[in-house]
Amino acid sequence: MNILRAFSKQFFGARYERVAKSLITCIILFLAIHTAGIEIKIAPSVLFLTATVSSTVIMWQTLNSSGNTARMTGMFMLPFQNRGMTFSLVLVYTGYTLITRTFPILALFFAVYEWSTLQIAASLLCACNGCLMAAAWYTVTSQKKMLPFAACWCGTMLFSIFFVREITTFSLIVLTSMFLSCLRLLIVDAYVFYRPLSSKILIKHTKGTGSILLYLMRYLLTNKNYLINTAGLCVIAGAMPLMLGQFEGLYVMPLGFAVLCLNTPICILLSCDPDLEQAVRTLPGQVERFCTRYCLFIFSVNITVNSVYLISWQIWYGRVGGREIITALLIALQSAVLSVLLEWFCPIRNRKVESDLWHHPRKYIVPFIMLLIVGLIGM
């Protein structure tokens, strides 16, 4: 219990004030939408899938947070029982994921549709199961022989979500999955959650363009989650013409450029690496040296995603000319400049894990401005 309280206070505050704030936010969100009379018919499988996937992804991000090493170093220096440390870590991370991230999403679903008590209970079980599965899978990433079993596990859960209609039977399957996760966590070494940070890449020469761009490229390649997010945007870019092309008589193509600039990880490099921020702010001339290179880096990523969007649009509909290419270049450049300005003048502070940065409301500022600009272009 001492370990559990120590970790809980690091995530939720000395008096657990963040728990109250998150729950109040969920209640306000639910009441605001419910009283507005918004009703959307949603299949139970969509609710269960959202609860499971969102919890799994956010729990995985939390477990891979670079701040965990500093947070755990002191705790692992003290004597502890292996299972006590393991389940304290998992319970705190699960509570953080559910209270601060999953519950607001579920509040939206509960507000727009009347669900039965069993469906609500099943969705909460799915959210808890997603967190426990992420923790169990985290312990087998270094064991390749266990990866096929994890893949079958994931496939079984997806099959159950879409094809098991009986709520009671589905709930028993989810409880079985939670039981298997707990069995896995019972036998693992607690040190599997403690992964020391690898040596950081230092910028020794800041006068040349190549050194800073090389650092940013290596940083992107080192953090696989950033690459996965960019790859996901490329997939969305390939499919987006099929959705936007349905609006006949409207010039909606630039809307895709505005949406695709929502590449959060590459726009928060200073916020997620305080050591880098301290280094570039203490060295002279960094507004010109670092910020211009950082802007060029974001622009190159944006234009890569926009290129996929343009190619997909040309394949499906054609009509991609010089005007569309110039629009893609300008929006990619504008979003890059605005993102760098936000990072330089308004970095995100007081975050616990990288998940706080990825889901911070600030990420919507640049896409919203871009939407206003493309709205003017469309008119």
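Refer to the structure above for everything that follows.
The present account deals with the structure reproduced in this document. (Residues numbered from 1 in each chain as written. Predicted model: local features only at pLDDT ≥ 70, side-chain atom pairs only at ≥ 80, totals over all residues. Heavy atoms only, no water.)

Within the element layout of this structure, Val259 appears in helix α11 (residues 253-260). For the pair Val259 and Met370, spaced 111 residues apart in sequence, the C-alpha separation works out to 8.2 Å. (Helix = DSSP H or I, 4+ residues; strand = E, 2+ residues; numbered from the N terminus.)

Turning our attention to helix α15 (residues 322-345). For α15, spanning 24 residues, the distance from its first C-alpha to its last is 35 Å, which sits close to the expected 34 Å at 1.5 Å a residue. If you check which residues of α15 are buried, you get Glu324, Thr327, Ala328, Ile331, Ala332, Ser335, Ala336, Ser339, Val340, Leu342, Glu343 and Trp344. (Expected span 1.5 Å × (residues − 1). Buried < 20%, exposed > 50% of the residue type's maximum accessible area, 1.4 Å probe, protein only.)

A few words on the packing of helix α3 (residues 44-63) against helix α7 (residues 147-163). Here α3 crosses α7 at 155°, and the two axes come no closer than 8 Å. Judged by the inter-axis angle, α3 sits roughly antiparallel to α7. For the element pair α3 and α7, the recorded crossing hand is right-handed. Facing Ser45, Phe48, Leu49 and Thr52 of α3, the residues of α7 in contact are Leu158, Ile161 and Phe162. Partitioned by chemical class, the residues of the contact of α3 with α7 number five nonpolar, two polar and no charged. (Axes fitted to C-alpha atoms, helices over the stretch in contact; angles between N-to-C directions. Parallel < 35°, antiparallel > 145°, perpendicular 65-115°, else oblique. Left-handed = near helix turned anticlockwise from the far one by under 90°. Contact = heavy atoms within 4.5 Å. Nonpolar A, V, L, I, M, F, W, Y, C, P; charged D, E, K, R; others polar.)

A word on the side chain of Ser160. Turning to its location among the elements, Ser160 is positioned in helix α7. A relative accessible area of 3% means that Ser160 is categorised as buried. Excluding residues within four positions of it along the chain, Ser160 makes contact with Phe170 and Ile173.

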